Amino acid sequence: MDLAELVGLRPVPCGGLLVALTRRCPMSCAHCSTGSSLSVSEEPDPEHLLRFVGSFGAEDRPDVVMMTGGEPLLLPDLVTRLAGLAQTAGSRVALLSGMFFARDGRFPDRIMRAVTALDHFSASMDVHHEREVPRGDVLRALRAVLDAGIPVSVHLTGTGPDDPYLADAVADVRRTFGARVPMLVNEVRPLGRAAGLVRATPPGPDGSLVSPCTLAAWPVVAFDGTVAACCNQWTVDRRPVPPHLRLGHIADDDWPTVRERSLGSPVLRMLRAVGPRRMHARYASSPAPAGYCRSCHALGDRPDVLAGAAREAGGRVGELLDQLSTEQQLAAGPAALVRRMGCARYAHLVESDAVHEPLPAGEGSGR
Ligand code: SF4
């Protein structure tokens, strides 16, 4: 599975499942939005997780499961077991790692076993990570993954399109791998690593309030086993999760139940199709709070808006609205999605022409 396909699935409601495997992380990056470190032990119960993924059916499963953290490769055996279970049902499995294990050119066997159980492996790189794991070590580890036959991508984060770090890192990855390793380039924002693909869409240039929320498409298993409807870190960490954004808990619910709640919710259908501001403008009797996600969280206290959504999106029309919005985003393609939600200057790098371009000789240049 390549990065373009993975990103391309992002607007599909329940086309993917994000799993935050652990909040623990051996790195201590200043910008970490999940507040991860080795001293926080929060993680979903592994047995609950295995049961939840085991509830996928051949006809009722996400196309892709993406494991994140914290650092998911702190649990390599669990990664291997979850990947096997998901793949048995027909799902593909991807994982995003901060590459802590690659220091000094290491690639421990248990981690390699977990990585080679995947359908796609992504390395997260930014200026903070590089202070802890040199770029050369990361690129050497990525070459080993490619040599093992697993498609690879790099997720880069910088301060904006003119960040010299981004230009330098992109050039280095290109020099090392040619176009064989696609890149997803994001700008620092107050969202978790898993949300790198999915910044909420800003209003259109005309100030239009219609601004679909792609974040509301894939359910997220949070560190305590709660299943949230979106991967905005503010939602994932908030307790209680606002009722319209809570899909269940892996201790009590299975995938078909969570999927049915997500696809059938009139509020989520409207969020995915037109976004929260348009919902307030259409149904609310008083102004919405400032801020895209703040106005979404406030929906729980707006019975007028909830009733309006239920009236108009509760039936077949709401289902069609959801489908139409998904189809429009799918037709635009993965690069358009990244232009809208990531760093537009580098959006084209999400595509790979791996099939046609041989891997250049030599290792990463390092820093
Ligand atoms: S608008 Fe709502 S569903 Fe979308 S990212 Fe914000 S909080 Fe999540």
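A quick note: this is a predicted structure, and the numbers were derived from the prediction, not measured.

Draft legend 1. Region of the structure containing the overall build of the chain. When its secondary structure is counted, the chain shows 15 helices and nine strands. Here the chain holds 367 residues, and 56% of them are scored as buried. The contacts in the chain between residues at least 6 apart in sequence include a share of 74% that link residues at least 24 apart. Accessible surface computed for the chain: about 14,300 Å², of which carbon and sulfur atoms make up 53%.

Draft legend 2. Structural detail: the pairing of strand E1 (residues 16-20). The element E1 is largely enclosed, with a buried count of five among its five residues. Of the two faces of E1, both are covered, the one formed by Gly16, Leu18 and Ala20 as well as the one formed by Leu17 and Val19. The pairing of E1 with strand E2 (residues 64-68) spans five bridges and is parallel. Paired with Gly16 across the bridge in E2 is Val64.

Draft legend 3. Up close: the site of the ligand. If you check the shell around the ligand, you find Cys213, Leu215, Ala216, Cys230, Asn232, Thr235, Leu245, Pro276, Tyr292, Cys293, Cys296 and His297 and nothing else. Of all the elements, helix H12 (residues 292-297) adds the most residues to the shell around the ligand, at four residues. Broken down by class, the residue content of the shell around the ligand amounts to nine nonpolar, three polar and no charged.

Draft legend 4. Structural context of the nonpolar core. If you look at the biggest cluster of nonpolar residues, it comprises 82 residues, and the most contacted ones within it are Phe101, Phe121, Leu142 and Leu156. Apart from residues lying up to four places away in sequence, Phe101 is in contact with Leu73, Arg106, Phe107, Pro108, Ile111, Phe121 and Ala141. Leu96, Cys213, Ala347 and Val350 belong to the second largest nonpolar core, which has 29 residues in total.

Draft legend 5. Up close: the packing of helix H10 (residues 266-273) against helix H13 (residues 303-313). At a minimum axis distance of 8 Å, the contact between H10 and H13 shows a crossing angle of 85°. The angle between the axes of H10 and H13 places the two elements in the roughly perpendicular class. The residues of H13 that touch H10, namely those facing Pro266, Val267, Arg269 and Met270, are Leu306, Ala309, Ala310 and Ala313. Along the lines of polarity and charge, the residues of the contact of H10 with H13 split into seven nonpolar, no polar and one charged.

Draft legend 6. Seen up close, the packing of aromatic side chains. Across all of its chains, the model carries four aromatic pairs by this definition. Aromatic pair Phe56 and Trp255: ring centres 5.6 Å apart, planes at 65°, arrangement edge-to-face. Pair noted here: Phe56 is in the loop between helix H2 (46-54) and E2 and Trp255 is in helix H9 (residues 255-264), with a separation of 199 residues, a long-range link. What makes Trp255 buried here is its relative accessible area of 0%. Relative to Phe107, the ring of Phe101 has its centre 4.9 Å away and its plane inclined at 45°; by these criteria the two rings are tilted. What makes Phe101 buried here is its relative accessible area of 1%. Members of the aromatic cluster, joined through ring pairs, are Phe52, Phe56 and Trp255. Between Arg10 and the ring centre of Trp218, over which it is positioned, the NZ or CZ distance is 4.4 Å.

Draft legend 7. Representation of helix H11 (residues 276-283) within the structure. Taken residue by residue, H11 has Pro276, Met279, His280 and Tyr283 as its buried positions. Buried positions in H11, seen along its axis, are confined to an arc of 100° and lie on one side of it.

Draft legend 8. The arrangement of the pairing of strand E3 (residues 92-97) in detail. With respect to burial, E3 is a largely interior element, five of its six residues being buried. As paired strands, E2 and E3 are joined by four bridges and run parallel to one another. Paired with Val65 across the bridge in E3 is Val93. Alignment of E3 against strand E4 (residues 120-126), held across four bridges, turns out to be parallel. Bridged to Ser97 within E4 is Ala123. Chirality of the crossover, the property in question, places the unit of E3, helix H4 (residues 109-115) and E4 among those that are right-handed.

Draft legend 9. A look at unusual backbone geometry. Gly70 follows Gly69 through a cis peptide bond whose omega is 15°. Secondary-structure assignment places Gly70 in the loop between E2 and helix H3 (76-89). The omega angle of the peptide bond from Arg239 to Pro240 is -10°, so this bond is cis rather than trans. Following the sequence through the fold, Pro240 ends up in the loop between helix H8 (233-237) and strand E9 (246-249). The phi dihedral of Cys14 falls on the positive side, at around 60°, and the residue is not glycine. Given a relative accessible area of 4%, Cys14 falls into the buried group. Unusually for a residue other than glycine, Asp104 sits at a positive phi of about 60°. Position of Asp104 among the secondary structure elements: in the loop between E3 and H4. When its relative accessible area of 70% is taken as the criterion, Asp104 is described as exposed.

Draft legend 10. View of the sheet that holds strand E6 (residues 183-187). Read across the sheet, nine strands follow the order E6-E5-E4-E3-E2-E1-E7-E8-E9 without closing on themselves; strand pairing throughout is mixed. Of all the strands in the sheet, the pair left with one neighbour each is E6 and E9. Direction of pairing for strand E7 (residues 220-221) relative to strand E8 (residues 226-228): antiparallel, over a ladder of two bridges. Across the sheet, the residue bridging to Val221 is Val227, located in E8.

Cut-offs used in this document
- Residues numbered from 1 in each chain as written.
- Predicted model: local features only at pLDDT ≥ 70, side-chain atom pairs only at ≥ 80, totals over all residues.
- Heavy atoms only, no water.
- Helix = DSSP H or I, 4+ residues; strand = E, 2+ residues; numbered from the N terminus.
- Buried < 20%, exposed > 50% of the residue type's maximum accessible area, 1.4 Å probe, protein only.
- Contact = heavy atoms within 4.5 Å.
- Areas by Shrake-Rupley, 256 points an atom, 1.4 Å probe, with all protein chains shown as cover.
- Pairing = 2+ DSSP bridges.
- Near = heavy atom within 4 Å.
- Nonpolar A, V, L, I, M, F, W, Y, C, P; charged D, E, K, R; others polar.
- Core = buried A, V, L, I, M, F, W, Y, C linked by side-chain atoms within 4.5 Å.
- Axes fitted to C-alpha atoms, helices over the stretch in contact; angles between N-to-C directions.
- Parallel < 35°, antiparallel > 145°, perpendicular 65-115°, else oblique.
- Phe/Tyr/Trp six-rings, centres within 6.5 Å; stacked < 30°, edge-to-face > 60°.
- Lys NZ or Arg CZ within 6 Å of the ring centre and 35° of its normal.
- Arc of directions from axis to C-beta.
- Right-handed = clockwise from strand over helix to strand, strands pointing away.

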